[in-house]
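Given next are the chains, with one letter for each unit.
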There are 2 protein chains.
Amino acid sequence: MHFTLYALEGIWGPNPLKVAFFLEQLGLDYEVKTLAMNSTDKEKGVKGEDYLKICANGRTPTLIDHKNNDFTVWESGAILQYLARKYDPSSQYTGKTLEEQAIVDQWFFFQCTGHSPVQGNLHFSKLYWQDKYHEEAPENVVSRFRDETNRVLSVYEGQLQRQTEKYGEEKAWLVFDHPTVSDFSAMPWLGSLAKFGNKLAIDLTQYPHVFKYVKKYIQLPSVAKVLERLQITYL
Amino acid sequence: MHFTLYALEGIWGPNPLKVAFFLEQLGLDYEVKTLAMNSTDKEKGVKGEDYLKICANGRTPTLIDHKNNDFTVWESGAILQYLARKYDPSSQYTGKTLEEQAIVDQWFFFQCTGHSPVQGNLHFSKLYWQDKYHEEAPENVVSRFRDETNRVLSVYEGQLQRQTEKYGEEKAWLVFDHPTVSDFSAMPWLGSLAKFGNKLAIDLTQYPHVFKYVKKYIQLPSVAKVLERLQITYL
């Protein structure tokens, strides 16, 4: 087996999914090891002694490359960049020139820093707050993160509209006329919005280019394979 | 002038500061253009028509490279990577091998995705919530982000302790025995914690290696120059 990918037991968060999608896209084999959420169990826990030796941050995903001396790296953003640098010699997923790389990075960091954390907080406030605090999240907490998620969606919508004008609908990816790490980073987060939209009170169909984008990428063979195996349905 | 760097008028957030620190470190000249916060003024506003043509996300920083056909890139993470790739031919700030690059990226993404957004939310809940909502932030909102900021600090503390054991205190940077983009990314955020610690109820001295790290990096000539020019004091 080429790689080991660590994820949480029972629930695949969007960040480990980014890595699974991209490993499939690159045609690379991997086994999955799962860890118990919020657990300090030495062998099984995501906060346990064994896993903390591999990932000092105690979160998933982490990737081990068994064909590179068991080289180990965590943070989904760093993992995607590593995989692209090592296993995509044509640089189609990261850009061929410095300037192309910078624009791929621009949308990649927008996703990782401006999109995921905001949507993650919206998820928490609507899906997990009640369990943790035994009351509903205050309305200004929810609306702050929902408003910002909607703002982020409008930025994607504008970009995908520009890309559609440039390349046509079938080839409208975030940066080029084909997917890059920016797209693989955005996919599971936008998919979750399609899936949990009702509960989050986010209507993805208000962003027609984003909605078409989700319908398009779930048909990529790499993505479809992972979603089918994990029995995840976005739409 | 080599570069134009966009920041907000009157308040330099940590993300534009990352870029200013790193431009100085590379010995590159830049002029600063400031934008009005929350404003849709066509010429002056960060959400105004002129700036949105440059940065579709309507946030700062954005960098224009006048010696590269006015090439324009936004997102502080993407800007640091662009500057390093183009103006650091020795790759000292990003790593010389694929594996070094991956570990620099690992701490870089940890900072940009796991640290900034959490601390940013803590800032908001303690420094801006009252102004926006005319009441104090609910205690579980504050404690959620404060607890996670403390957890992130403990991850830095462990890493800086390991680096101190390996390289000695003077050379204990996040990845190597010299600073990388990961360090320039972490600096203004950890500096803000030193500065606003009282208001945020975060005691940085509880993390002795992190505290020494802040004392060390503010003495880098590049960082000291920016802080002095902007009259910012962290400690």
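Residues numbered from 1 in each chain as written. Chains lettered and ligands numbered in written order. Predicted model: local features only at pLDDT ≥ 70, side-chain atom pairs only at ≥ 80, totals over all residues. Heavy atoms only, no water.

## Here we look at the interface of chain A and chain B
Next up, step 1: Tallying the contact residues gives 44 residues for chain A and 44 residues for chain B.
Next up, step 2: Approximately 3,900 Å² of surface area, both sides summed, lies buried where chain A meets chain B, with 60% of it carried by carbon and sulfur atoms.
Next up, step 3: A per-residue breakdown of the area chain A buries against chain B is headed by Arg 85, Phe 109 and Arg 144 of chain A, which together make up 17% of the total.
Next up, step 4: Summed over the shared surface of chain A and chain B, the number is 4 salt bridges.
Next up, step 5: With a closest N to O distance of 3.9 Å, Arg 59 of chain A and Glu 148 of chain B form a salt bridge.
Next up, step 6: Elements represented by at least two residues in the side of chain A that touches chain B include exactly β4 (71–74), α3 (76–87), α4 (98–133) and α5 (139–167) of chain A.
Next up, step 7: The element best represented in the side of chain A that touches chain B is α4 of chain A, accounting for 18 residues.
Next up, step 8: Its residues assigned to classes, the side of chain A that touches chain B shows 22 nonpolar, 10 polar and 12 charged. (Contact = heavy atoms within 4.5 Å. Buried area = accessible area lost by both parts, 1.4 Å probe. Salt bridge = Lys/Arg side-chain N within 4 Å of Asp/Glu carboxyl O. Helix = DSSP H or I, 4+ residues; strand = E, 2+ residues; numbered from the N terminus. Nonpolar A, V, L, I, M, F, W, Y, C, P; charged D, E, K, R; others polar.)

## Structural notes on the relation of the copies chain A and chain B
Next up, step 1: Overlaying chain A on chain B yields an RMSD of 0.0 Å, the required transformation being a rotation through 180° with an accompanying axial translation of 0.0 Å. The operation mapping one copy onto its partner corresponds to a two-fold rotation axis. Identified as the residue of chain A closest to the rotation axis by C-alpha distance is Thr 113 of chain A, at 2.5 Å.
Next up, step 2: Taken together, the interface assignments show that 100% of the residues at the interface of chain A recur at the interface of chain B, consistent with an identical surface on both copies. (Least-squares fit on C-alpha atoms with pLDDT ≥ 70 in both.)

## As for unusual backbone geometry
Next up, step 1: With an omega of 5°, the peptide bond between Thr 60 of chain A and Pro 61 of chain A qualifies as cis.
Next up, step 2: In the Ramachandran plot, Asn 69 of chain B falls in the positive-phi region, its phi being about 55° despite a non-glycine side chain.
Next up, step 3: Along the polypeptide, Asn 69 of chain B turns up in the loop between β3 (62–65) and β4 (71–74).

## Focus on the nonpolar core
Next up, step 1: Counting 152 residues, the largest nonpolar core has Leu 83 of chain A together with Leu 83 of chain B as the members making the most contacts within it.
Next up, step 2: Not counting the four nearest positions on each side in its chain, Leu 83 of chain B is found in contact with Phe 3, Val 19, Phe 22, Leu 23, Leu 26, Leu 28, Leu 63 and Asp 88 of chain B. (Core = buried A, V, L, I, M, F, W, Y, C linked by side-chain atoms within 4.5 Å. Buried < 20%, exposed > 50% of the residue type's maximum accessible area, 1.4 Å probe, protein only.)

## Looking at the sheet that holds strand β2 (residues 30–35) of chain A
Strand pairing in a sheet relies on backbone hydrogen bonds, with the paired strands running either antiparallel or parallel.
Residues and elements named next belong to chain A.
Next up, step 1: Taken in spatial order, the 4 strands make up an open sheet running β2-β1-β3-β4, and their pairing is mixed. Both outer strands of the open sheet, β2 and β4, are each paired with one neighbouring strand and no more. With strand direction ignored, the average angle separating the axes of adjacent strands in the sheet is 20°.
Next up, step 2: Across 6 bridges, strand β1 (residues 3–8) lies against β2 in parallel orientation. Its bridge partner lying in β2, Tyr 6 is registered against Lys 33. (Pairing = 2+ DSSP bridges. Axes fitted to C-alpha atoms, helices over the stretch in contact; angles between N-to-C directions.)

## A closer look at the UniProt feature "domain: GST C-terminal" (unreviewed entry) in chain A
Next up, step 1: Mapped onto the present numbering, the UniProt feature "domain: GST C-terminal" (unreviewed entry) falls on residues 97–235 of chain A.
Next up, step 2: Each end of residues 97–235 of chain A is marked by a C-alpha atom, and these two atoms are 36 Å apart; helix forms 75% of the span and strand 0%. (UniProt positions renumbered as here; feature names shortened; annotations may be inferred.)

## Here we look at the side chain of Thr 94 of chain B
Next up, step 1: As for its position among the elements, Thr 94 of chain B is in the loop between α3 (76–87) and α4 (98–133).
Next up, step 2: For Thr 94 of chain B, a relative accessible area of 13% gives the class buried.

## Details of the domain arrangement of chain A
All names here are of chain A.
Next up, step 1: Assigned domains within chain A: domain 1 (3–87) and domain 2 (98–220).
Next up, step 2: Relative to domain 2, the C-alpha centre of domain 1 lies at a distance of 23 Å.
Next up, step 3: If you look at the interface, domain 1 gives 12 residues, while domain 2 gives 13 residues.
Next up, step 4: Summing both partners gives a buried area of about 1,000 Å² for domain 1 against domain 2, and 74% of it is carried by carbon and sulfur.
Next up, step 5: Counting across the domain 1 and domain 2 interface gives 0 salt bridges.
Next up, step 6: Taken together, the connections running from domain 1 to domain 2 amount to 4 residue pairs in polar contact (both at pLDDT 80 or more). (Domains from an automatic or database assignment. Polar contact = N/O pair within 3.5 Å; in protein donor to acceptor, adjacent residues only side chain to side chain.)

## So, the side chain of Thr 62 of chain B
Residue and element names in this part refer to chain B.
Next up, step 1: Secondary-structure assignment places Thr 62 in strand β3.
Next up, step 2: In this structure Thr 62 comes out as buried when scored by relative accessible area, which is 0%.
Next up, step 3: Among the polar contacts made by the side chain of Thr 62, one reaches the side chain of Tyr 51 at a distance of 2.7 Å.
Next up, step 4: Beyond its immediate sequence surroundings of up to four residues, Thr 62 is in contact with Thr 4, Leu 5, Tyr 6, Tyr 51, Ile 54, Cys 55, Thr 72, Val 73, Trp 74 and Ile 79.

## Digging into the pattern of salt bridges
Residues and elements named next belong to chain B.
Next up, step 1: Per the counting criterion, the structure on display carries 16 salt bridges over all chains.
Next up, step 2: Across the pair Lys 42 and Asp 50 runs a salt bridge whose closest N-O atoms are separated by 2.9 Å.
Next up, step 3: Residue Lys 42 is classed as partly exposed on the basis of its relative accessible area of 44%.
Next up, step 4: A relative accessible area of 26% places Asp 50 in the partly exposed class.

## Brief notes about a nonpolar patch on the surface
Next up, step 1: On the surface, a cluster of nonpolar side chains totalling about 270 Å² of accessible area is made up of Ile 11, Met 37 and Tyr 128 of chain A.
Next up, step 2: Examined against the element boundaries, Met 37 of chain A turns out to sit in the loop between β2 and α2 (49–54). (Patch = residues over 30% accessible without salt bridge, like charges linked within 9 Å, V, L, I, M, F, W, Y side chains within 5 Å. Areas by Shrake-Rupley, 256 points an atom, 1.4 Å probe, with all protein chains shown as cover.)

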